[in-house]
Amino acid sequence: MQTTSFVMRNSHIADYKGTYCRLVDPTTQQGKEDMFLAGENRYSAQQSNFSKIPGSPVAYWISTKLANLFTLPSSDSIIALREGIHTGKNELFLREWYEVIHNKIVFDAENYDDIDRKGRWVPYSKGGTARKWYGNNELVIGFDNKYRQWMSTMQGHVRPSQKLYFKQGATWSSLSSGFFALRLQPSGHLFDSKGQVAIGEKYKEIMGLFNTCAYQYLADILMPTLDYKCGDVKKLPYCHIENPSFISIVEQNIFLSKTDWDSYETSWDFQRHPLVRPVSRLADAYTAWKSECEQRFLQLKANEEELNRIFIDIYGLQDELTPDVADKDVTVHRVFDTKDDVPQSMQGSNYVRTKRDEIVSLLSYAVGCMFGRYSLDVDGLAYAGGEWDESRYKTIIPDSDNIIPICDDDYFDDDITGRFVKWVETVYGKETLEENLKFIADALGGKGTPREVIRSYFLNDFYADHLKTYQKRPIYWLFDSGKKNGFKALIYMHRYQSDLLARMRTDYVHEQQERYRTQLTHLADAIEHAGAAERVKLSKQQKKLQEQALEIQKYEEKIHHLADQNIQIDLDDGVKHNYELFADVLAKIK
């Protein structure tokens, strides 16, 4: 729907008051007509008020008190608000942090020399979804001397605001589908043209101010298209807060948000899965974790409303604004048993998780333990490239050859389902094993025994969830023969060696082919001696195995071809490049 306006006189008339009808909320022509004829949402505004606002937008709905805030000094006069690097070609220089060797990331860089001495990659702020206080720390940028020189040859490359590099401050997403949201940018980071920054002594106060409802209101006036460009953000006023508790609340909000962010394995500060606790019943661990998330959510919401209240009281805006914060705008996770339990107030939030989500993340963590990425004996990453340290693993010993098959039956001793059952027993105890497996299976959903449900999940759904979690940059790669599930196996990208495919072919693919041949021989003999009803059942099994045998035969040829090439990979090249080298034998990234 388009809006038409007419300018009758392009001039300023002192003390002129216009009458306006705001028809934004109705989405239909009829709705707008009804609101207009009913005389609803009508405003009377003095023209001189518009000139107080930078750019003089016709913000007829803004009160005089709110308009007067724009007469205060601009935020840019108090703190440096800047946009950052244009690489020239992001796919060459940016990686998800988990793609590269972890010890090549320099988290504490203070200058270029630190990077050249310690590694290659630096944490990089580049916007992302609307999130307040902390988070969206996902990317790294190649910034050692080699990468800096390479970047300088790119068309469109710009490297502004270099005096602010590596300094602690706040950052926000210049493009947002949600709202204006500032979060901490820790020291040691660089920043992008889309992940703009506020750096200076007062960055915590600015973060607190910009995250209030008042500043969202002001931002909506200056930037109604939700494009929070630095040049416009600079025009926001600096409304100083004298209340000493203001900064304390901001600091607590950062802590709450960081705790939430670090609870998931896509954070580089992740320590261990929140459901891995010194309890024997997984249900108890889940209940405790769900309660922690709820308390964190309620505390952050109360804190944000208190910041709003402080601002409103200081600037006398009680008649203009309310301190209330919508549940869906609180940017820490909240856990519900099922999607049906999610209240209307949380609809549209990016921070809703279900029991299934938490169990899926637990399975992902368990797979990480199987490969040695994580260890039950140490917090954080145990291995993400570099030198392998066996002393980190005592409770669960990682898979020795970095190949874990996923089968639709018990074909291998180290099949992923058997390994996972053993992992659950190790973490929570033997006495509650069956109860815990049932809890997991019920959360995943599906038919059959708990072990059958878990096996089906690994076979059919695990990889799709992994791709979603890791932004289509998987760290565990699925070797997949096709729709008949003739052969499937996971490997850990950071442990890849050039002889892996040769070992997979001889130790797993050939062994699986032999098992199919043996089973088909047994089935042929059983069918010959079976009654009519039993013969129908066995014939279906025979057909399935024949299809799987044919599929794996063709797959073996592809594996053989690649194994002979002894392919090397460089993790610095990123998942997209390296995955493509094995495209014929890996599951498609969808």
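Residues numbered from 1 in each chain as written. Predicted model: local features only at pLDDT ≥ 70, side-chain atom pairs only at ≥ 80, totals over all residues. Heavy atoms only, no water.

Asker: Pulling in residues and values, what's your account of helix H12 (residues 355-371)?
Answerer: A rise of 1.5 Å per residue sets the reference length of H12, with its 17 residues, at 24 Å; its end C-alpha atoms lie 25 Å apart and thus fit the reference within 8%. The buried count for H12 comes to 14 of 17 residues, which makes it a mostly enclosed element. Of the residues one or two after H12, Gly372 is the one with positive phi, at around 95°. (Helix = DSSP H or I, 4+ residues; strand = E, 2+ residues; numbered from the N terminus. Expected span 1.5 Å × (residues − 1). Buried < 20%, exposed > 50% of the residue type's maximum accessible area, 1.4 Å probe, protein only.)

Asker: Tell me about the sheet that holds strand S3 (residues 80-82), residues and numbers included.
Answerer: Remark on secondary structure: sheet strands pair via backbone hydrogen bonds, oriented parallel or antiparallel. Pairing is antiparallel in the open sheet, where 4 strands are placed in the order S3-S10-S7-S8. Edge positions in the sheet fall to S3 and strand S8 (182-185), since each has one partner strand and no second. Strand-to-strand twist of the sheet, defined as the mean angle between neighbouring strand axes without regard to direction, takes the value 30°. Bridge count for S3 against strand S10 (residues 195-199) is 3 bridges, and the pairing is antiparallel. Across the sheet, the residue bridging to Arg82 is Val197, located in S10. In this fold helix H7 (residues 203-210) packs onto S3, strand S7 (169-173), S8 and S10, with an angle of close to 155° to the strand it touches most, S8. (Pairing = 2+ DSSP bridges. Axes fitted to C-alpha atoms, helices over the stretch in contact; angles between N-to-C directions. Contact = heavy atoms within 4.5 Å.)

Asker: Please provide a residue-by-residue account of the sheet that holds strand S6 (residues 139-142), values included.
Answerer: Taken together, 4 strands build an open sheet; the order of strands is S4-S6-S5-S9 and the sheet is mixed. Of all strands in the sheet, those with a lone pairing partner are strand S4 (94-96) and strand S9 (190-191), marking the two edges. Across 2 bridges, the pairing between strand S5 (residues 121-125) and S9 is parallel. Paired with Ser125 across the strands is Phe191, a residue of S9.

Asker: Can you break down the environment of Thr287 residue by residue, with the values?
Answerer: Examined against the element boundaries, Thr287 turns out to sit in helix H11 (residues 282-314). Residues Thr287 and Asp337, spaced 50 residues apart in sequence, show a C-alpha to C-alpha distance of 9.9 Å. A polar atom in the side chain of Thr287 sits 2.9 Å from the backbone oxygen of Ala283. (Polar contact = N/O pair within 3.5 Å; in protein donor to acceptor, adjacent residues only side chain to side chain.)

Asker: Mind laying out the packing of helix H10 (residues 245-261) against H11, listing which residues take part and the relevant values?
Answerer: Axis separation between H10 and H11 bottoms out at 10 Å; the angle between their running directions is 155°. What the angle tells us is that H10 and H11 run roughly antiparallel. You can see that H10 and H11 cross each other, and the crossing is left-handed. The segment H10 lies against H11, with Ser245, Phe246, Ile249, Val250, Gln252, Asn253, Leu256, Thr259 and Asp260 engaging Arg296, Gln299, Leu300, Asn303, Glu304, Glu306, Leu307 and Ile310. Broken down by class, the residue content of the contact of H10 with H11 amounts to 7 nonpolar, 6 polar and 4 charged. (Parallel < 35°, antiparallel > 145°, perpendicular 65-115°, else oblique. Left-handed = near helix turned anticlockwise from the far one by under 90°. Nonpolar A, V, L, I, M, F, W, Y, C, P; charged D, E, K, R; others polar.)

Asker: Please set out unusual backbone geometry residue by residue, giving values where relevant.
Answerer: Positive phi, close to 80°, is recorded for Trp133, a residue that is not glycine. By secondary structure assignment, the location of Trp133 is in the loop between S5 and S6. Even without a glycine there, the phi angle at Phe166 is positive, about 70°. Examined against the element boundaries, Phe166 turns out to sit in the loop between helix H6 (145-152) and S7.

Asker: How would you summarise the pattern of salt bridges if you had to cite specific residues and measurements?
Answerer: Summed over the entire model, instances satisfying the criterion amount to 39 salt bridges. Note that Asp572 and Arg120 form a salt bridge whose closest N and O atoms lie 3.0 Å from each other. Taken together, the positions of Asp572 in the loop between helix H18 (532-563) and helix H19 (574-580) and Arg120 in the loop between helix H5 (112-118) and S5 put the pair 452 residues apart, joining distant regions of the chain. Close ionic contact of Asp327 with Lys301 constitutes a salt bridge, the shortest N to O distance being 2.5 Å. Taken as a pair, Asp327 in the loop between H11 and strand S11 (334-336) and Lys301 in helix H11 lie far apart in primary sequence, 26 residues in all. Here the two residues Asp327 and Lys301 agree in accessibility, since each one is buried. Salt bridges linked by common partners bring Lys104, Arg120, Asp144 and Asp572 together as one network. (Salt bridge = Lys/Arg side-chain N within 4 Å of Asp/Glu carboxyl O.)

Asker: Tell me about a positive patch on the surface, residues and numbers included.
Answerer: On the surface, a cluster of positive charge is contributed by Lys483, Lys554, Lys558, Lys588 and Lys590. Residue position: Lys554 is located in helix H18. (Patch = residues over 30% accessible without salt bridge, like charges linked within 9 Å, V, L, I, M, F, W, Y side chains within 5 Å. Areas by Shrake-Rupley, 256 points an atom, 1.4 Å probe, with all protein chains shown as cover. Lys, Arg positive; Asp, Glu negative; His and termini not counted. Charge placed at Lys NZ, Arg CZ, Asp CG, Glu CD.)

Asker: With reference to specific residues and values, describe the packing of aromatic side chains.
Answerer: Per the counting criterion, the structure on display carries 41 aromatic pairs. Plain terms: the ring middles of Trp97 and Tyr98 are 5.7 Å apart, the flat faces sit at 75° to each other, and that makes the pair edge-to-face. We note that Trp97, like Tyr98, is buried. With a centroid separation of 5.7 Å and 65° between ring planes, the pair formed by Tyr112 and Phe143 is classed as edge-to-face. (Phe/Tyr/Trp six-rings, centres within 6.5 Å; stacked < 30°, edge-to-face > 60°.)

Asker: Please give an account of helix H13 (residues 416-428) that cites residues and values.
Answerer: The end-to-end C-alpha separation of H13 is 18 Å, in line with the 18 Å expected for 13 residues at 1.5 Å each. Within H13, the full set of buried residues consists of Ile416, Thr417, Phe420, Val421, Trp423, Val424, Val427 and Tyr428. The arc enclosing the buried residues of H13, seen along the axis, measures out at 160°, which places them on a common side. Against the buried residues of H13 lie H11, H12, strand S13 (404-405), helix H14 (433-444), helix H15 (450-460) and strand S15 (488-492). At the N-terminal end of H13, a side-chain oxygen is found 3.1 Å from the backbone nitrogen of Thr417, two or three residues along, and the residue is Asp415. With its phi angle positive at about 105°, Gly429 sits one or two positions after the end of H13. (Arc of directions from axis to C-beta.)

Asker: Tell me about the side chain of His189, and name the residues and values.
Answerer: Mapping His189 onto the fold places it in the loop between S8 and S9. For His189, the residues in contact, after removing those within four places along its chain, are Pro123, Tyr124, Ser125, Asn137, Tyr165, Phe166, Lys167 and Trp268.

Asker: Describe the packing of H11 against H12, with residues and values.
Answerer: It is at 12 Å that the axes of H11 and H12 come closest, and there the two elements cross at 115°. In the packing of H11 onto H12, the handedness of the crossing is right-handed. Here Leu282, Tyr286 and Trp289 of H11 lie close against H12, whose contacting residues are Lys355, Glu358, Ile359 and Leu362. Partitioned by chemical class, the residues of the contact of H11 with H12 number 5 nonpolar, no polar and 2 charged.

By themselves, these observations are geometric and do not establish any function.
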